[in-house]
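# Geometric and topological summary
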Amino acid sequence: MTAITAPNPSRRDFLYLATGVAAAAGVAAAAWPLVDQMNPDRKTIASGVPIEIDLAPIAPGQILSLIWRGKPIFVRHRTAQEIAAEEATPLSALMDPQADADRVKPGKAQWLVVYASCTHLGCIPLGHRGDWGGWFCPCHGSQYDASGRVRRGPAALNLPVPPYSFVDDTTLRIGEA
Ligand code: FES
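Attention here is on the structure that accompanies the text. (Residues numbered from 1 in each chain as written. Predicted model: local features only at pLDDT ≥ 70, side-chain atom pairs only at ≥ 80, totals over all residues. Heavy atoms only, no water.)

### Overview of the overall build of the chain
- For the chain, the helix and strand inventory stands at 3 helices and 11 strands.
- Listed N to C, the secondary structure of the chain is β-α-α-β-β-β-α-β-β-β-β-β-β-β in terms of helices and strands.
- Burial statistics for the chain: of 177 residues in total, 39% are counted as buried.
- If you take every contact in the chain between residues at least 6 apart in sequence, the share linking residues at least 24 apart comes to 52%.
- As displayed, the chain offers around 9300 Å² of accessible surface, 59% of which is attributable to carbon and sulfur atoms. (Helix = DSSP H or I, 4+ residues; strand = E, 2+ residues; numbered from the N terminus. Buried < 20%, exposed > 50% of the residue type's maximum accessible area, 1.4 Å probe, protein only. Contact = heavy atoms within 4.5 Å. Areas by Shrake-Rupley, 256 points an atom, 1.4 Å probe, with all protein chains shown as cover.)

### Considering the sheet that holds strand S2 (residues 51-54)
- As summarised here, the arrangement of the 3 strands in space is S2-S11-S10, forming an open sheet in which the pairing is antiparallel. Each end of this open sheet is capped by a strand with a single partner; those strands are S2 and strand S10 (164-168). For this sheet, the mean inter-axis angle between neighbouring strands, taken without regard to orientation, is 30 degrees.
- Note that S2 and strand S11 (residues 171-174) share 4 bridges and pair antiparallel. The residue of S11 that forms the bridge with glutamate 52 is arginine 173. (Pairing = 2+ DSSP bridges. Axes fitted to C-alpha atoms, helices over the stretch in contact; angles between N-to-C directions.)

### Some words on the pairing of S10
- Bridge analysis of S10 against S11 gives 4 bridges, and the strand direction is antiparallel. Across the sheet, tyrosine 164 pairs through a bridge with isoleucine 174, a residue of S11.
- Adjacent in sequence and paired antiparallel, S10 and S11 are bridged by 2 residues.

### Looking at the packing of aromatic side chains
- One pass over the structure, following the stated rule, counts 2 aromatic pairs.
- For the ring pair phenylalanine 74 and tryptophan 135, a centre distance of 5.1 Å and an interplane angle of 15 degrees mean the geometry is stacked. In this pair, phenylalanine 74 sits in strand S4 (residues 71-77) while tryptophan 135 sits in strand S7 (residues 135-136), placing the two residues 61 residues apart along the sequence. The pair formed by phenylalanine 74 and tryptophan 135 is uniform in burial state, with each residue classed as buried. (Phe/Tyr/Trp six-rings, centres within 6.5 Å; stacked < 30°, edge-to-face > 60°.)

### A few points about the pattern of salt bridges
- On inspection of all chains with the given rule, the structure shows 9 salt bridges.
- Salt bridges sharing common partners tie together Glu86, Asp145, Arg149 and Arg151. (Salt bridge = Lys/Arg side-chain N within 4 Å of Asp/Glu carboxyl O.)

### Description of the pairing of strand S3 (residues 63-68)
- Sheet topology note: the strand S1 (residues 3-5)/S3 ladder contains 3 bridges and is antiparallel. By the bridge assignment, isoleucine 4 is partnered in S3 with leucine 64.
- Two elements, S3 and S4, share 6 bridges in a ladder whose sense is antiparallel. Each residue of the ladder has a partner; that of leucine 64, found in S4, is valine 75.
- Where S3 hands over to S4, the hairpin turn is made up of 2 residues, of which arginine 69 adopts a positive phi near 55 degrees.

### What to know about the sheet that holds strand S6 (residues 126-127)
- The 4 strands are arranged S6-S7-S8-S9 in an open sheet whose pairing can be described as antiparallel. A strand with exactly one partner marks an edge of an open sheet, and here the two such strands are S6 and strand S9 (150-152).
- Two strands pair when backbone bridges link them, and S6 and S7 are joined in this way by 2 bridges, in the antiparallel orientation. Within the sheet, the bridge partner assigned to glycine 127 lies in S7 and is tryptophan 135.

### Let's talk about the nonpolar core
- Ile53, Leu66, Ile73, Val75, Leu172 and Ile174 are the most contacted members of the largest nonpolar core, which totals 16 residues.
- When contributions to this core are tallied by element, the ones reaching two or more residues are S2, S3, S4, strand S5 (111-115) and S11.
- Apart from the residues within four sequence positions on either side, isoleucine 53 is in contact with Leu64, Leu66, Thr170, Thr171, Leu172 and Ile174.
- Counting residues in hydrophobic clusters, the runner-up holds 15 residues, among them Phe74, Val114, Ala116 and Cys118. (Core = buried A, V, L, I, M, F, W, Y, C linked by side-chain atoms within 4.5 Å.)

So, to be careful, I would describe these as geometric facts and stop short of saying anything about function.
As structure tokens, then:
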């Protein structure tokens, strides 16, 4: 299941993309027997079958939540203000120092793609919450900024970035860097 969340709760908060998911699942299911037959190497197995995501429905400020290879992933369409704030954050202010530019693709700073599991004990953080407006983990209070970088513990590590690439301006491929 995928869902889009918006920062303003007065707007429609969830948009389910059942059709897109079914299409993606169909592609994955159809591709698997072929991949299996080809006896992929360990690297291929580890990376999983890539899935493609249509970015067009995700407005600036919204976050798409989806499952890939059994793991939750966030695709966040960041606003210009969010990008500016994350790029201006000094590494000295970070618990797990990493530049924002190293967490997004060149020229695509509006798109942040991260695993959606809190790096403390794996809960799914809530978007647009917390002191940094990124994510707030309801389990033990860890907070992340809009770059997915941890800003308050008990988590100590940033949300990891999965392998992904852009097929074109509106199509994201997860599972293939
Ligand atoms: S699982 Fe997120 S703070 Fe503990």
